[in-house]
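# Summary of the model geometry
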Amino acid sequence: MTANTGPPSFHLMAKPAGADCNLNCAYCFFLKKAALYPKGPPRMSDEVLESYLRQTIEAQQVPFVTIAWQGGEPTLMGLDFFRRSLEIEKEYLQPGITVERTLQTNGTLLDPEWCEFLRENNYLVGLSLDGPQDLHDTYRRDKAGKATFGRVLRAARLMQEHGVEFNILCTVNAANGSHPLRVYRFFRDELNAHFIQFIPIVERDNQSGNQEGDRVTGRSVRPPQWGRFLIEIFDEWVHRDVGETFVLNFDGPLANWMGSPSTCVYRPTCGQGMAIERNGDVYCCDHYVEPSYLLGNLMETPLVDLVASQKQFRFGQDKRDTLPQYCLKCPVLFACNGECPKNRLLKTPDGEPGLNYLCEGYKAFFGHVNEPMQMMAQLLRQGREAREVTALLERVRAAKGQQAFPARRNAPCPCGSGRKYKHCHGGN
């Protein structure tokens, strides 16, 4: 058996149905990956499933392991596939090892039986939803061109009824990117969602779906639009929702202000988040499922060797080592670290390649949130709660003679009185 020389832990995103999906979202980069596998079985075999789970569990050098399913649409595999995966897990899990199971889905195939299974087996579900109906249905349609919002909303309600833990994954594109508060308030107020992640759509304008070219499609969010989107939501969140609604796009950068980057896109290097296709092929990253980024096949080469390979190490280090001088001199480099390499398709003002397409938006956002991020970081270092930043910011506003920010009516008033906002500064 190969000695474990890999990192203590890593994340492997499994795609048991490959790029197959029952939807036809206009901006989906992964649908085009079907061309990589025109032949062979369309679904992950039991043999590959067993090898994937066994090797993933055995390769971890920490007391927990994440089994992550994505696609395409993983629920196309059917419940029996996931029941088999649980049986295999139990066979190889050692005492003291905790398993985290995640499933990213469009939700349209979920029913009560699915929800009971997900709840009973502690799956954390990521539900893809792009906001209110008109915004969601702009790009997220099925193979027949029909709207999908109603089916996805039904999935959210079903999961709530059955006690399934789920997060919202919302792509930000040309359609919903100009409606940040409509989108955010829909998730917070209509869905009562407590965990949200916003993913910017940067869609290369080519036919391959690969990371080639410097042009983007009209569906892509524009850099200034992305910055305004984050800023407007942050301003409402920081004055009303800290500690109640968790937005990865804010929690991730906050870790950078704390000096401990944790979220993949904001870390200096990457390379510990790989993808496995239905036939056992392992790629450097979910966004780089391309022939030149193929590490090998775990049915032929031990997974731990693929994870610890020089090719994967170099892929991760390149995120830092290929940054242009323009970025290295940037005052918010510590917060951004060039973001995801897949978005580095522009040239700097000096003509050097490697500038992130979203740079303009990120610069605006990170500059705007610097003061409250510093406040929250200081609170956390003192062993206090980040939510105290709301009262601190209101005192700053009051000292400047500015009107108090409108808080949620049933929330504690940010002035610190201990009364509900509607009975204090929010009263008529």
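Above this text you will find the structure in question.
In this convention, every chain numbers its residues from 1, walking through the sequence in written order. Where totals are concerned, whole chains, interfaces and linings use all residues; where local detail is concerned, this predicted model gives features only for residues with pLDDT of at least 70, and gives and counts side-chain atom pairs only at 80 or more. For side-chain calculations, the full set of non-hydrogen atoms in the structure is used, while hydrogens and water are omitted.

What follows is about helix 14 (residues 370-381). Between its first and last C-alpha, helix 14 extends 16 Å over 12 residues, near the 16 Å set by a 1.5 Å rise per residue. Buried residues of helix 14: Pro372, Met373, Met375, Met376, Ala377 and Leu379, and no others. Residues count as neighbours in contact if any of their non-hydrogen atoms are within 4.5 Å of one another. Strands here are runs of E lasting at least two residues and helices are runs of H or I lasting at least four, both read from the DSSP assignment and numbered beginning at the N terminus. Tucked into the core, helix 14 has its buried residues touching helix 7 (223-240), helix 8 (248-257), helix 13 (359-368) and helix 15 (389-399). Expected span, for any helix, means 1.5 Å times one less than how many residues it has. Under the scheme applied here, a residue whose accessible area is under 20% of the maximum for its type counts as buried, over 50% as exposed, and between as partly exposed, the area being computed with a 1.4 Å probe on protein chains only.

Where charged atoms from two side chains of opposite charge approach closely, those side chains can pair. In what follows, salt bridge is the name for a side-chain nitrogen of Lys or Arg lying within 4 Å of a carboxyl oxygen of Asp or Glu. For the structure on display, the rule yields 22 salt bridges. Salt-bridge contacts for arginine 54 lead to glutamate 58; the nearest nitrogen and oxygen are separated by 3.6 Å. Of this pair, arginine 54 and glutamate 58 both sit in helix 1 (residues 46-59), 4 residues apart, which is roughly one turn of that helix. Each of Arg185, Arg188, Asp189, Glu236, Arg240 and Asp241 takes part in a single network of salt bridges with overlapping partners.

All right, on to the nonpolar core then. Counting residues in each nonpolar core, the largest one holds 102 residues, and the members touching the most others are Trp69, Ile168, Phe187, Phe198 and Met376. Looking at this core, the element that brings in the most residues is helix 7, giving 8 residues. Residues within four places of isoleucine 168 in sequence aside, it is in contact with Leu127, Leu129, Phe187, Leu191, Ala193, Phe195, Ile196 and Gln197. Each nonpolar core is a collection of buried residues, namely Ala, Val, Leu, Ile, Met, Phe, Trp, Tyr and Cys, held together in the definition by side-chain atoms within 4.5 Å. Judged by nonpolar contacts, the second largest core, of 6 residues, contains Ala19, Tyr37, Ala275 and Val289.

Side-chain rings of Phe, Tyr and Trp, where Trp is taken by its six-membered ring, are said to pair if the distance between their centres is within 6.5 Å; with planes under 30 degrees apart they count as stacked, over 60 as edge-to-face, and otherwise as tilted. The full count for this structure, using the stated rule, is 30 aromatic pairs. Seen in terms of ring centroids, phenylalanine 29 and phenylalanine 30 are 5.7 Å apart; in terms of plane orientation they differ by 85 degrees. Their pairing is edge-to-face. Under the relative-accessibility criterion, phenylalanine 29 is labelled partly exposed at 27%. Relative to tryptophan 237, the ring of phenylalanine 234 has its centre 5.5 Å away and its plane inclined at 45 degrees; by these criteria the two rings are tilted.

To continue, consider the environment of glutamate 212. With respect to the element layout, glutamate 212 can be found in the loop between strand 6 (195-200) and helix 7. Glutamate 212 gets classed as partly exposed once you look at its relative accessible area, which sits at 45%. With residues near it in sequence (within four places) discarded, glutamate 212 still touches Arg204 and Asn206.

Right, let's talk about the side chain of aspartate 286 for a bit. Along the polypeptide, aspartate 286 turns up in the loop between strand 9 (281-283) and strand 10 (294-297). Given a relative accessible area of 11%, aspartate 286 falls into the buried group. Within 3.5 Å is the distance limit for a polar contact, defined as a pair of N or O atoms, with the added protein rule that one can donate a hydrogen and the other accept it, and that residues adjacent in sequence qualify only through two side-chain atoms. Polar contacts involving the side chain of aspartate 286 include one to the side chain of lysine 15, which spans 2.9 Å. Among residues more than four places away in sequence, those in contact with aspartate 286 are Met13, Lys15, Phe29, Phe30, Gln70, Gly273 and Ala275.

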